[in-house]
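Fold and geometry: a report
Residues per chain are reported as follows:
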Amino acid sequence: MPCRAGLFVLALALLCLDASARPAQQSFQGTGQLRTTWRDGDHADLGCLTDRGRWTSDNSTCGTFEATPDPQTPSVFTLKTDAGYCNVYGAEFTCDAGNEAQPFGTWPENWPNGIPGQKVLRWGQYGLMASSAAGPPSLADAPEAIHLASYNEPGKFVWLTWLGL
């Protein structure tokens, strides 16, 4: 019996963890958050995207995304928030009522320069994201635009990972 009580306490402790401290879940399906995960070093969680597809470090403003698989190709899916469908226009990631549904997918878990053991979001043959700022937004900063990396940005490059809710 003590073992079961210990498991219950552990389960409660895990439920109370902040979203940024929980490991991202593998599959992009159902309801979840898009987390910004540093591509290098310790693959630190650097925040999330808002429901408009903007990068923030404030977990209270993380958007809730719905990933819906394509019936013909389950590895391809669309993303939608209360703001609208998510899309890449030019190179910028946005979610807006005027957007059309656009297909996304994931890179394999052991993709070069990816995150070991984790799937990351891709759009066509691209996936690595960046902002024009010198680093991730601080808690005091307004959420900032995020775009496909051109490798000319001064800040950290991030993969978008999934945290199922």
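Everything in this summary refers to the structure shown in the same document. It should be emphasised that the depicted structure is a prediction, and the values quoted were computed from it without experimental measurement.

Each value, and the rule that gives it
- Residues numbered from 1 in each chain as written.
- Predicted model: local features only at pLDDT ≥ 70, side-chain atom pairs only at ≥ 80, totals over all residues.
- Heavy atoms only, no water.
- Pairing = 2+ DSSP bridges.
- Helix = DSSP H or I, 4+ residues; strand = E, 2+ residues; numbered from the N terminus.
- 1 Å grid on protein atoms, 1.4 Å probe; cavity = no way out; pocket = protein on both sides within 12 Å on 5 of 7 lines; lining within 4 Å.
- Points joined across faces, edges and corners; volume = space filled by probe spheres on them.
- Nonpolar A, V, L, I, M, F, W, Y, C, P; charged D, E, K, R; others polar.

1. Considerations on the pairing of strand S6 (residues 84-89)
Relative to S6, strand S5 (residues 77-81) is paired through two bridges, and the arrangement is antiparallel. Its bridge partner being in S6, Lys-80 is matched across the sheet by Tyr-85. Connecting S5 to the next strand, S6, in antiparallel fashion are two residues. When S6 meets strand S7 (residues 92-96), the two strands line up antiparallel, connected through five bridges. Bridge pairing in S7 places Tyr-85 opposite Asp-96. Counted between consecutive antiparallel strands, the loop separating S6 from S7 contains two residues, among which Gly-90 sits at a positive phi close to 65°.

2. Quick notes on empty space enclosed by the protein
Taking a probe equal in size to a water molecule and rolling it over the atoms shows the remaining empty space. Under the definition given, this model contains one cavity of 30 Å³ or more. By volume, the largest cavity amounts to about 30 Å³. Around the largest cavity sit Leu-121, Arg-122, Trp-123, Tyr-126, Gly-127, Met-129, Leu-148 and Leu-160, which together line it. Taken together, the residues of the lining of the largest cavity break down into six nonpolar, one polar and one charged.

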